[in-house]
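# Survey of secondary and tertiary structure
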Amino acid sequence: MTLHIKTPLVASRPLSVIAGCSVWLKLEALQPSGSFKLRGIGHACETYLAQGARRFISSSGGNAGLAVAYAGRLLKVPVTVVIPETTTARAKELLCLENAEVVVHGASWQEANDFAQSLLGAEDAFIHPFDDPLLWHGHASLIDEVASCGLKPNAIVLSVGGGGLLSGVVEGLHRNGWNNVPAIAVETAGAESFHEAVTAGHPVELARISSIATSLGAKRVCEKAVWWSKEHPIRSVVVSDQSALSASERFLADHRLLVEPACGASLALAYEKSPELEGLDTILIVVCGGATATLDQIRAWARQ
Ligand SMILES: *Cc1c(COP(=O)(O)O)cnc(C)c1O
């Protein structure tokens, strides 16, 4: 048994018609914690528990924190999540629902993270949201499942925040012998830290995050994601917040699933028939999900 579930792989009729190619969806939004993060974080938590960890600490008020809280509850390991004052009431509520101890500290994520680090004792494991080989290894299971269904797409479309999902997906492509299947890495403008890193050839720190897609808001991507960009065909694409929000709303109407704009960013490529998809017969979109945005919030952002 793993903590994550094997998610459905479905063909999307509406998206295929709009994009003009076969669009398949890997529905990570259906993971019990609401996003793909449970794959890697579940694997990391199980590994750290086996190595003797007696508490998990996270500094994410987003889907990473939720995945740690979920994993801890199932593994019967206490979880402490340190979050900044700016974290939404919705995120706090979801963390409390998973029985995590929530500590509100500092005005920014940096301060919350520094405090979380200061709490770390000998029996605690810090669970990073994207930069840990255990995470990538767990995320890679997503591609194993696609391969075992007998579907080999011409490209994989996925969203990039800190690059953990990308690193895991490409690891999965390689361990299934799909070295020639390109990844299309999507970010929103204002959170394009992977785009900047690929341009520079090394991780670059963004001065600030100005996108509403907070789950993509890592100021700097992990080294591994940039390393993969030199070892594997990866195309970097940046879409607007408006495109991501509109894709989230349309996806709710078409597939009855509410996903964060962080996930809408990837869906926008199909909804807007992006030139990046030209010449591709079959694509797979990783519907990474996300539990922290309500429909009211998505509509309010879209009106801004
Ligand atoms: C974390 C997250 C991402 C980005 O994943 P990284 O591993 O940080 O690149 C994208 N979408 C959702 C919904 C997320 O929770």
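About the thresholds
Residues numbered from 1 in each chain as written. Predicted model: local features only at pLDDT ≥ 70, side-chain atom pairs only at ≥ 80, totals over all residues. Heavy atoms only, no water. Helix = DSSP H or I, 4+ residues; strand = E, 2+ residues; numbered from the N terminus. Rg over C-alpha atoms; globule rule 2.2 N^0.38 Å. Contact = heavy atoms within 4.5 Å. Areas by Shrake-Rupley, 256 points an atom, 1.4 Å probe, with all protein chains shown as cover. Lys, Arg positive; Asp, Glu negative; His and termini not counted. Charge placed at Lys NZ, Arg CZ, Asp CG, Glu CD. Buried < 20%, exposed > 50% of the residue type's maximum accessible area, 1.4 Å probe, protein only. Disulfide = S-S within 2.5 Å. Domains from an automatic or database assignment. Buried area = accessible area lost by both parts, 1.4 Å probe. Salt bridge = Lys/Arg side-chain N within 4 Å of Asp/Glu carboxyl O. Polar contact = N/O pair within 3.5 Å; in protein donor to acceptor, adjacent residues only side chain to side chain. Nonpolar A, V, L, I, M, F, W, Y, C, P; charged D, E, K, R; others polar.

Quick look at the overall build of the protein chain now. In terms of regular secondary structure, the protein chain is built from 13 helices and 10 strands. Computed over its C-alpha atoms, the radius of gyration of the protein chain comes to 18 Å, within 12% of the 19 Å expected for a compact globule of 304 residues. Over its C-alpha atoms, taken along the principal directions, the protein chain stretches across nearly 55 × 45 × 40 Å. Contacts in the protein chain between residues far apart in sequence, at least 24 positions, make up 72% of those at least 6 positions apart. Summed over its atoms, the accessible surface of the protein chain is roughly 12,300 Å², and 52% of this surface lies on carbon and sulfur atoms. Averaging the coordinates of the 24 positive side-chain charges in the protein chain and doing the same for the 30 negative ones gives two points 5 Å apart.

Moving on to the environment of Cys-263. By secondary structure assignment, the location of Cys-263 is in helix H12 (residues 261–271). The class of Cys-263 is buried, set by a relative accessible area of 0%. For the pair formed by Cys-263 and Ser-159, sequence separation is 104 residues and the distance between their alpha carbons is 6.4 Å. Apart from residues no more than four positions distant in its own chain, Cys-263 is found in contact with Ser-159, Val-287, Cys-288 and Gly-289.

In the structure shown here, the tally under the stated rule is zero disulfides. We note that Cys-21 lacks a disulfide partner, and the nearest cysteine sulfur, in Cys-263, lies 17 Å from it. Its relative accessible area of 8% is what places Cys-21 among the buried residues. Left without a disulfide partner, Cys-96 is nearest to the cysteine sulfur of Cys-45, which lies 18 Å away.

The domain architecture assigned to the protein chain consists of domain 1 (9–36 + 134–303) and domain 2 (37–129). Contacts between domain 1 and domain 2 engage 21 residues on the former and 19 residues on the latter. Surface buried jointly by domain 1 and domain 2 totals about 1,700 Å² across both partners, of which 59% is contributed by carbon and sulfur atoms. The tally of links from domain 1 across to domain 2 stands at two salt bridges. For the salt bridge of Glu-145 with Arg-39, the shortest nitrogen-to-oxygen distance reads 2.9 Å. Linking domain 1 with domain 2 are 11 residue pairs in polar contact (both at pLDDT 80 or more). The element that contributes the greatest number of residues to the side of domain 1 that touches domain 2 is helix H6 (residues 133–139), accounting for five residues. Taken together, the residues that form the side of domain 1 that touches domain 2 break down as six nonpolar, 11 polar and four charged.

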